[in-house]
Amino acid sequence: KRTYLDTRAQVAKECPQNPWRVQNNAISVRLDRFLERCYDMLDFTEAVLHFSKLSKTDIGNTNGERLTSLLHDISQDFDEAASRVKAVEYDVTNIDATSFEADFTLFCRSVKDIEWRLSTIIGRALDDSASIYSRFQLLSLFS
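Residues numbered from 1 in each chain as written. Predicted model: local features only at pLDDT ≥ 70, side-chain atom pairs only at ≥ 80, totals over all residues. Heavy atoms only, no water.

## Quick look at the side chain of Thr-57
Here's step 1: Positionally, Thr-57 belongs in the loop between α2 (24-51) and α3 (64-86).
Here's step 2: On the basis of relative accessible area, Thr-57 is assigned to the buried category, the value being 7%.
Here's step 3: Not counting residues within four places of it along the chain, the set of residues in contact with Thr-57 comprises Thr-68, Leu-71, His-72, Leu-141 and Phe-142. (Helix = DSSP H or I, 4+ residues; strand = E, 2+ residues; numbered from the N terminus. Buried < 20%, exposed > 50% of the residue type's maximum accessible area, 1.4 Å probe, protein only. Contact = heavy atoms within 4.5 Å.)

Have a look at this one:
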């Protein structure tokens, strides 16, 4: 995109009597859609990396066993949401595959729900923590 804009500016300097009359957005619409799709897939990948830690996390306090069980349930719910995106039968880099938007939106809604549930568990675990040190340890698990 930058190359196009630079070349267009150079042509305008060298041939002012014959400038390019092509609209900028007409050239870059497909590229912009592709970049947006790449950013969506980057967000998906980062979410998978962050939430992959949940299945290996144990909370140790007075209600730790119950909270750990809830944490593992959340991990399973996330894995199900992610597997739906991983199992699509179209090429996610194909911007003409319009069903990606619906699939990705459903994934994002699931992640919002999961994040809300996770925040509730973290809040309960923080309330049950006996010391500042244990609270920092708990928070370090999710950073």
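Once the structure has been displayed, the description carries forward.
## Considering helix α4 (residues 99-128)
Here's step 1: With 30 residues, α4 ought to run about 44 Å at 1.5 Å a step, and its terminal C-alpha atoms sit 44 Å apart, in line with that.
Here's step 2: Looking at α4, one finds that the buried residues are Phe-100, Phe-104, Phe-107, Ser-110, Val-111, Ile-114, Leu-118, Ile-121, Ile-122 and Ala-125.
Here's step 3: On its buried face, α4 sits against α2, α3 and α5 (132-141). (Expected span 1.5 Å × (residues − 1).)

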